[in-house]
Amino acid sequence: MNLNFKTLQSNWFHYSSPATFYPLAGKLLPRFAVAALVLVLFALYWGFTQTPDQLGGTNPQKEYYRIIYIHVAAAWMSMWLYLMLALWSMIGLIFNTRLSFMMAQAIAPTGAIFTFLALWTGAFWGRTSWGTYWDWDPRLTSELILFFLYIGYLALHSAIDETRRADRASALLALVGLVMVPVIYWSINCPDPNQCAALHQRSAPSQIDGNILLAMLAMVFGFWMYSFAATLARLRTLILVREVDSEWLQEWLQ
Amino acid sequence: MLTVVWCILERDLKLALRRRTDVLTTLFFFIIVVSLFPLGVGSEQALLRQLGPGVVWVAALLASMLALERLFAADHEDGTLEQMLLTREPLPLLVIAKVLAHWLLTGLPLVLIAPLVALQYHLPAIAALAMMVALLLGTPILSLIGAIGAALTLGLRGGGILLSLLILPLYIPVLIYGAGAVTVSMIAWADTQPYFLLLGAFLLLALIFAPLAAAAALRIALE
């Protein structure tokens, strides 16, 4: 049993060293990039040609609803990537592995970009359907705060010169942010505790038109693959920068 | 264990009272910010009454944040902080003592000056009372959460402005319920109870978790 666990452990951690992960990332990167391109192109094609030109319901929305294909996917990715950022930060703090911190640092800019994209496309959608670019709606506000958290992480990381301290300090910040996010979200969603009903409408996936759902999910997976590709590309650069003095990298480069 | 809390508390208070300007600066910053708003938005009574609670809380957030920079900085410069890390006493406890001293010097004055600010904004007496209670519960949370940020940015260039970026988003729940309590108190005092209960719950949670996080951040900063 003990032996099995050890072999499992050694396999599990095999790619946790920059030296072994660097070539693996190089192999995976083009695959994710191609998958992202195919999925995003498919989702755009399907979303723009195979879906109804009007969204029904009590408040019919015309062509501009197609922003949904980018907006919703970007918003989902922005939240998912923050979870991943916090997860890798936690793993880094617990196991003290360099690669985990690099992974967290590589994820952050992509997450910030998706958050900004969600806010930006949301503003255009809001302008056409609500008549305003911005409203202090709970979802909008919490997305804005998520953007601040990403910016805070990136700012703290770049303000500290010493890599080890920068990694650990910003990892701790990411975890504090993770704990605070539900509290912030809930307090924005329920500013008056005397009457706290659900303020925003919920939409069940079963109520969405099949073609719209297909295009939306394809876009989500496309963005997800893009996140993998972008993170791995950034990670490879980070490994090159940080490990420049190491033996394996010198051998690799020769 | 409590001796060390008392020691740090007494020392920090004594040091601060010998340099009184530091304490007074925070207080006057708060008063000036609050006094600027009527000049900017106009001095109509109904408008000020509506803006008052939010403005006071935003000013309190900013004042508490500006003072945070000094929470660990002086001890970091003269090496006291490193000695504190080396003692056998639990570091979170020392952090609590430092935060408590910091709150007594920067948070408590804001609570005491609140009625004066309420007068500036034509708030009724009941709202002034609500503001005092809300600030009493809320400002310690600001100091506690702020301690994490102060520890993370310890000794960095441009630490102060960075600190605001890290900490202000985390202050949002306190701002919402603190300002909400004051606004609601002008309509019905009984409805303020959930706000105070929530602020109290936040305070308890912050009291448990913030010193741990701040202690971890201090160890990272001084590794």
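Now for a look at the structure at hand. From a predicted model like this one, the values you see are computed outputs, not experimental measurements.

Side note on the overall build of chain A
- For chain A, the helix and strand inventory stands at eight helices and zero strands.
- For chain A, the succession of helices and strands along the chain, N to C, is α-α-α-α-α-α-α-α.
- Per-residue burial over chain A gives 43% buried out of 254 residues.
- In chain A, 74% of the contacts between residues at least 6 apart in sequence involve partners at least 24 apart.
- Accessible surface for chain A amounts to roughly 13,900 Å². Of this, 67% is attributable to carbon and sulfur atoms.

What to know about helix H1 (residues 2–18) of chain B
All names here are of chain B.
- With 17 residues, H1 ought to run about 24 Å at 1.5 Å a step, and its terminal C-alpha atoms sit 24 Å apart, in line with that.
- Taken as a whole, H1 has its buried residues at Val4, Val5, Ile8, Leu9, Asp12 and Ala16. Seen along its axis, H1 keeps its buried residues to an arc of 135°; they face one direction. Within H1, the exposed residues directed more than 90 degrees away from the buried face are Thr3, Trp6 and Arg18.
- At its buried positions, H1 is contacted by helix H2 (20–41), helix H4 (80–86) and helix H5 (91–120).

Considering the pattern of salt bridges
- Taken as a whole and judged by the stated rule, the model has eight salt bridges over all chains.
- Put simply, arginine 164 of chain A and glutamate 223 of chain B hold a salt bridge, and the shortest N to O gap is 2.9 Å. Residue arginine 164 of chain A is found in helix H6 (residues 163–189), and its partner glutamate 223 of chain B is found in the segment after helix H9 (193–221); the two belong to separate chains.
- Given the relative accessible area of 53%, glutamate 223 of chain B is considered exposed.
- Notably, a salt bridge pairs aspartate 12 of chain B with arginine 11 of chain B, separated by 2.9 Å at the nearest N-O pair.
- Where salt bridges share partners, they join Arg11, Asp12, Asp75 and Lys98 of chain B into one cluster.

Observations concerning the nonpolar core
- Within the largest apolar cluster, 136 residues are counted, with the highest numbers of intra-cluster contacts made by Leu85, Leu156 and Leu235 of chain A together with Phe30, Trp57, Phe72 and Leu218 of chain B.
- Those residues within four positions of tryptophan 57 of chain B in sequence are excluded, and the remaining contacts are Ala134, Leu135, Gly138, Thr139, Leu142, Val174, Leu175, Gly178, Ala179 and Val182 of chain B.
- Within the second largest apolar cluster, eight residues are counted, among which are Tyr69, Trp125, Ile212 and Ala215 of chain A.

Some words on the interface of chain A and chain B
- Listed by partner, the interface residues are 29 residues for chain A and 28 residues for chain B.
- Summed over both partners, the interface of chain A with chain B buries about 2,500 Å², with 72% contributed by carbon and sulfur atoms.
- For the pair chain A and chain B, the number of links is two salt bridges.
- Between arginine 168 of chain A and glutamate 223 of chain B there is a salt bridge whose closest N-O contact spans 3.7 Å.
- On inspection of chain A and its partner chain B, the count reaches three residue pairs in polar contact (both at pLDDT 80 or more).
- Those elements that place two or more of their residues in the side of chain A that touches chain B are helix H5 (138–159) and H6 of chain A.

Re the packing of aromatic side chains
- What the rule picks out here adds up to 18 aromatic pairs over all chains.
- For the ring pair tyrosine 177 of chain B and phenylalanine 202 of chain B, a centre distance of 5.9 Å and an interplane angle of 45° mean the geometry is tilted. A residue pair is termed long-range when its members are at least 10 positions apart, and tyrosine 177 of chain B in helix H8 (residues 172–185) and phenylalanine 202 of chain B in helix H9 qualify at 25 residues. Grouping residues by exposure puts tyrosine 177 of chain B and phenylalanine 202 of chain B together as buried.
- Here the aromatic residues Phe32, Trp80, Phe221, Trp224 and Phe228 of chain A are joined through ring pairs into a cluster of three or more.
- Directly above the ring of tyrosine 22 of chain A sits arginine 236 of chain A, whose terminal nitrogen or CZ lies 4.2 Å from the centroid.

What counts, and at which threshold
- Residues numbered from 1 in each chain as written.
- Chains lettered and ligands numbered in written order.
- Predicted model: local features only at pLDDT ≥ 70, side-chain atom pairs only at ≥ 80, totals over all residues.
- Heavy atoms only, no water.
- Helix = DSSP H or I, 4+ residues; strand = E, 2+ residues; numbered from the N terminus.
- Buried < 20%, exposed > 50% of the residue type's maximum accessible area, 1.4 Å probe, protein only.
- Contact = heavy atoms within 4.5 Å.
- Areas by Shrake-Rupley, 256 points an atom, 1.4 Å probe, with all protein chains shown as cover.
- Expected span 1.5 Å × (residues − 1).
- Arc of directions from axis to C-beta.
- Salt bridge = Lys/Arg side-chain N within 4 Å of Asp/Glu carboxyl O.
- Core = buried A, V, L, I, M, F, W, Y, C linked by side-chain atoms within 4.5 Å.
- Buried area = accessible area lost by both parts, 1.4 Å probe.
- Polar contact = N/O pair within 3.5 Å; in protein donor to acceptor, adjacent residues only side chain to side chain.
- Phe/Tyr/Trp six-rings, centres within 6.5 Å; stacked < 30°, edge-to-face > 60°.
- Lys NZ or Arg CZ within 6 Å of the ring centre and 35° of its normal.

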